Amino acid sequence: MAQTTSSGRRPDSRRPDRTPAAKGDTTEKVVFINRCAKVVKGGRRFSFSALIVAGDHDGKVGCGFGKANEVSEAIRKASEAARKSMEKVSLNENTIPPGTGVIAGGGVRAVAEAAGIRDVLAKSLGSSNHANVVKATIAALRSLRRRDQIFKARGIHFSDGRGDQHDASA
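As the structure is a computational prediction, the values presented were derived from the model and not from experiment. (Residues numbered from 1 in each chain as written. Predicted model: local features only at pLDDT ≥ 70, side-chain atom pairs only at ≥ 80, totals over all residues. Heavy atoms only, no water.)

J.: When you look at a nonpolar patch on the surface in this model, what are you seeing that I'm missing?
T.: A contiguous nonpolar patch, built from Val30, Ile33 and Val71 and spanning about 200 Å² of accessible area, is present on the exposed surface. Turning to its location among the elements, Val71 is positioned in helix α1 (residues 71–84). (Patch = residues over 30% accessible without salt bridge, like charges linked within 9 Å, V, L, I, M, F, W, Y side chains within 5 Å. Areas by Shrake-Rupley, 256 points an atom, 1.4 Å probe, with all protein chains shown as cover. Salt bridge = Lys/Arg side-chain N within 4 Å of Asp/Glu carboxyl O. Helix = DSSP H or I, 4+ residues; strand = E, 2+ residues; numbered from the N terminus.)

Written as structure tokens, this is what we have:
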């Protein structure tokens, strides 16, 4: 019989501690480790590649890819590359509409959690290659803009919902 919580749901095996990381702390998540074999005279020689997503849970996220003859070295190289490639993404209080919790798989989930997004619904169409899915997710987050940025670019005078009038050209 499956273990259930007091709410009647199964515990989430992806984040067993359920404590969100503090904002500003850089966290890393291993998305994929690949083993590659090269056939040489004495047999097979193995090498490894690692895909890592790093983020600070406050809108900065990056990905890195590392290759080495040992898994730990590949992860270390990928972590360094992920930290170097971190860039700011536009968030609206830890969410992207519609707010549903993090419903996404694989690389999309890793990127969303690393960026600090708590509400996102995603479906990956087309490529199932982990590296391409992670890169596409980061590119999509990079292209997001807030409402005031769009209005300012269009030169529209808008209201922020509290009755305050703003001039986008200012």
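J.: Even after reading the chapter, I still don't get unusual backbone geometry, so can you show me in this structure?
T.: Glycine aside, negative phi is the norm for most residues, and most peptide bonds take the trans geometry. Here His57, not a glycine, exhibits a phi torsion of approximately 60°, which is positive. Secondary-structure assignment places His57 in the loop between β2 (43–55) and β3 (60–68). On the accessibility criterion, His57 (13% relative accessible area) is buried. (Buried < 20%, exposed > 50% of the residue type's maximum accessible area, 1.4 Å probe, protein only.)

J.: Would you take a moment to explain the pairing of β2 for this structure?
T.: Residues in a regular strand point their side chains to alternate faces of the sheet. Both strand β1 (residues 27–40) and β2 contribute to a ladder of 13 bridges, which runs antiparallel. Among the inter-strand pairings, Phe32 is bridged to a residue of β2, identified as Leu51. In this antiparallel pair of consecutive strands, β1 and β2, the connection spans two residues. Pairing geometry for β2 and β3, over eight bridges, is antiparallel. Across the sheet, Phe48 pairs through a bridge with Ala68, a residue of β3. The hairpin turn running from β2 into β3, its antiparallel successor, is four residues long, and His57 in that turn takes a positive phi close to 60°. (Pairing = 2+ DSSP bridges.)

J.: In this structure, what is going on with the side chain of Ser79? I would like to understand it.
T.: Inspection of the secondary structure puts Ser79 in helix α1. Judged by its relative accessible area of 8%, Ser79 is buried. In this view, Ser79 contacts Glu28 and Ile52; residues no more than four positions away in its chain are not counted. (Contact = heavy atoms within 4.5 Å.)

J.: What exactly am I supposed to notice about the pairing of β3 here?
T.: Examined bridge by bridge, β3 and strand β4 (residues 87–88) share two bridges and lie antiparallel to one another. Note on β4: the bridge partner recorded for Val61 is Glu87.

J.: Would you mind showing me how to read α1 here?
T.: Two residues of an α-helix separated by three or four positions point the same way, owing to the 3.6 residues in each turn. Taking 1.5 Å per residue as the helical rise, α1 with its 14 residues ought to reach 20 Å, and the 20 Å between its terminal C-alpha atoms agrees with that figure. Those residues of α1 lying buried are Ala74, Ala78, Ser79 and Ala82. Angular distribution of buried residues about the axis of α1 spans 135°; they occupy a single face of the element. Facing away from the buried side of α1 by more than 90 degrees, the exposed set consists of Ser72 and Lys84. On its buried face, α1 is in contact with β1, β2 and β3. (Expected span 1.5 Å × (residues − 1). Arc of directions from axis to C-beta.)

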